[in-house]
Amino acid sequence: MQSTSDPARFFRRAEEELLELSIDSQRADWIYSTYINPDTEELSSRALSRLMQGTMRLAKEATSIPVSRLGPEESRKARLLRASLPLLAPSDPKESEEVARLVASMQGRYAKGKYAPAGAKEPLDLQALSHILEESRDPRVLADVWIGWHRVGREMRPEFERYVDLANRGAREVGFADTGAMWRSRYDMEPDAFAREVDRLWAQVRPFYESLHAYTRTRLRATYGPELVPEKGPIPAHLLGNMWAQQWDSLTPLLAPEASDPGYDLTKLLVQRATTPTGMVRFAEAFFVSLGLDPLPPTFWERSMFVRPRDREVVCHASAWDVDFVDDLRIKMCIEITGEDFATVHHELGHNYYQRAYGGLPLLFRDGAHDGFHEAIGDTIGLSVTPAYLTQIGILSSADGAGDDLTFLLRRALEKISFLPFGLVVDRWRWEVFSGAIGPKDYTRRWWELRRQYQGVTPPVPRDETEFDPGAKMHVAANVPYMRYFLAHILQFQFHRALLQSAGVAGPLHRGSIYGSKEAGRRLGATLEMGARKEWPDALETLTGERSMNAAGLLDYFAPLRRWLDEQNRGHPVGW
Ligand code: X8Z
Ligand code: ZN
């Protein structure tokens, strides 16, 4: 038992202990994620279990300190401590190890998932299956690949049911209604108020999404015929160029108007100039350095995983790490030389630069202002990857052509706007699961009800409860909260607009880049350094001058496309 009679001393000790447990857990998790086998699975589960138990004990002790004895920073620490992990286990060590093992096992199943489509010589992994979804226009091939991948969820189902039960009991021990309420408590407002906040933001962007959806449906109907694509109803999810229909930009060639100038193809340009995986990361680092931030430490280049190893199973889903919570920064990614991965390396380095900027704060403040900020930083930089920027750094030559504004915006909207309802659905579903509003016999049914309601998509074939389709998404299998990405997709445009302004860049938002702007870099740096020390409206104000999240930047960015889409939709039904 640590003494709680001196709050300052209690938090100093608690943070010391947590740091040690967290580093142990990170190291074990890194080894597991880059070399999946039964031993690493066991070691990482045990380290996570110890971290959960320590966190649980300290969180309980912190609540026993009378509120009147806590200074403002200490009461913030006490609040953050209770919800510092996305998973808490019951304090019984057996159950704590069990839930840690369940999550490691589900994540491992997902990472090792494979399917051999009809005619393939060998089973393909998710990356290879995803390429088929992006490139093929044969609906039978698309359905086969889609159905094949979704089998990965099946074996997880019993594990998932048990994990929900154990995780909820852990969250309840520290006073949350359930794990979903614990996740929603991380936004400096009541969990219910946060749910309303998300609805408010969705209402701002929904009409635009519906417009994009209607246009996409009309074009897909022309491609695949009225038997497959209804005039008024939802779009079959396997036709949208992505396993979860969360990002439709691979359909750009199909959806761009005939007379349009698509301009350059970033994938081709990168391949032509023989860009290496390390080279991709160097480009992203150079952007941050142009803003006045420091280059990444040598250990980043030595310890990161940039490519899929040939001889072992790894978690390929991209992630950014700070193993010692100071500057042992790393990314883990199976980089391919594509425009999509070019964006993803910027996304990941956004996490690393954030981690480094807050690395000097007390441990409990070493986090984003909220997790949507964390996800938005690298994407904000990605919005500055414009044709003018690519020309400036020599990737694009004047001969390649920058393309027209409309096609550029359409591609961006298919990448970012299509994502919004998916970003919302994953945790709307999980919040209901954790609260008990839906039970195991309704998991898959409710998943599709929500996906139909928000995204306007349907599965290629009827689904039933022998399937577990949510488990075919990494963040569900690995217990990673998802609402952060919805927030980030709105925030990044708010950030982009504000940073362009501080950089003194005028003109349309989609053409502007903050590359090389020390002033934008200062604002960004000042925000990152705040970590989670202050409530997020303070961080938002530092970055943008505003204190509430809103979609004005997003709507402004896409305004010309929005007008054009509404014109194209004239005479066609909108909605489903
Ligand atoms: O998981 C990610 C990042 C790592 S934090 C690559 N993203 C979400 C996803 O892939 O589903 C980025 C956008 C949404
Ligand atoms: Zn991320």
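As the structure is a computational prediction, the values presented were derived from the model and not from experiment.

Analysis parameters
Residues numbered from 1 in each chain as written. Chains lettered and ligands numbered in written order. Predicted model: local features only at pLDDT ≥ 70, side-chain atom pairs only at ≥ 80, totals over all residues. Heavy atoms only, no water. Helix = DSSP H or I, 4+ residues; strand = E, 2+ residues; numbered from the N terminus. Contact = heavy atoms within 4.5 Å. Donors = N, O, S within 2.8 Å, 3.2 Å for Na, K, Ca; no water. Tetrahedral: all angles 85-135°; square planar, octahedral: opposite > 155°, others 65-115°. Buried < 20%, exposed > 50% of the residue type's maximum accessible area, 1.4 Å probe, protein only. Near = heavy atom within 4 Å. Polar contact = N/O pair within 3.5 Å; in protein donor to acceptor, adjacent residues only side chain to side chain. Areas by Shrake-Rupley, 256 points an atom, 1.4 Å probe, with all protein chains shown as cover. Expected span 1.5 Å × (residues − 1). Bend = angle between axes of the 7 residues up to and from the residue. Axes fitted to C-alpha atoms, helices over the stretch in contact; angles between N-to-C directions. Parallel < 35°, antiparallel > 145°, perpendicular 65-115°, else oblique. Left-handed = near helix turned anticlockwise from the far one by under 90°.

Observations concerning the environment of F434
Okay, step 1: Of note, F434 is situated in helix α18 (residues 419-435).
Okay, step 2: Sequence separation between F434 and A181 is 253 residues; the distance between their C-alpha atoms is 8.4 Å.
Okay, step 3: Setting aside its immediate chain neighbours within four residues, F434 contacts Y163, V164, N168, R172, D178, T179, G180 and W183.

Considerations on the coordination of the zinc ion (ligand 2)
Okay, step 1: Protein-derived coordination of the zinc ion (ligand 2) comes from H347 (NE2), H351 (NE2) and E375 (OE), at a distance range of 2.0 to 2.1 Å.
Okay, step 2: For the zinc ion (ligand 2), the four donor atoms in the first shell make angles of 91 to 130 degrees at the metal, so the coordination geometry reads as tetrahedral.
Okay, step 3: Each donor residue of the zinc ion (ligand 2) lies on the same chain, and together they follow the pattern H-x3-H-x23-E. Taken together, the residues span about one helical turn, with H347 and H351 both in helix α14 (residues 339-357) at a distance of four residues. Each member of the pair, H347 together with H351, is buried.

Here's the deal with the site of ligand 1
Okay, step 1: For ligand 1, the full set of nearby residues is Q246, H317, A318, H347, E348, H351, E375, F419, K473, H475, Y482 and Y485.
Okay, step 2: Interatomic distance of 2.7 Å between a side-chain N/O atom of K473 and an oxygen atom of ligand 1.
Okay, step 3: The protein chains hide 83% of the 370 Å² of surface that ligand 1 would expose on its own.
Okay, step 4: Per-element tally for the shell around ligand 1: the top contributor is α14, with three residues.

Things to note about helix α21 (residues 483-503)
Okay, step 1: Between its first and last C-alpha atoms α21 spans 30 Å; for 21 residues at 1.5 Å apiece the expected length is 30 Å, and the two agree.
Okay, step 2: Most pronounced at H489, the bend in α21 amounts to some 30 degrees.
Okay, step 3: With its phi angle positive at about 75 degrees, G504 sits one or two positions after the end of α21.

A short note on the packing of helix α9 (residues 191-224) against helix α25 (residues 559-568)
A pair of packed helices is characterised by two quantities: the angle between their axes and the separation of those axes.
Okay, step 1: Contact geometry of α9 with α25 gives a least axis separation of 9 Å together with a crossing angle of 50 degrees. It follows from the interaxial angle that α9 and α25 lie oblique. The chirality of how α9 crosses α25 is left-handed. Note on element contacts: α25 touches α9 through L561, R562, W564, L565, D566 and Q568, opposite P207, F208, S211, L212 and Y215.

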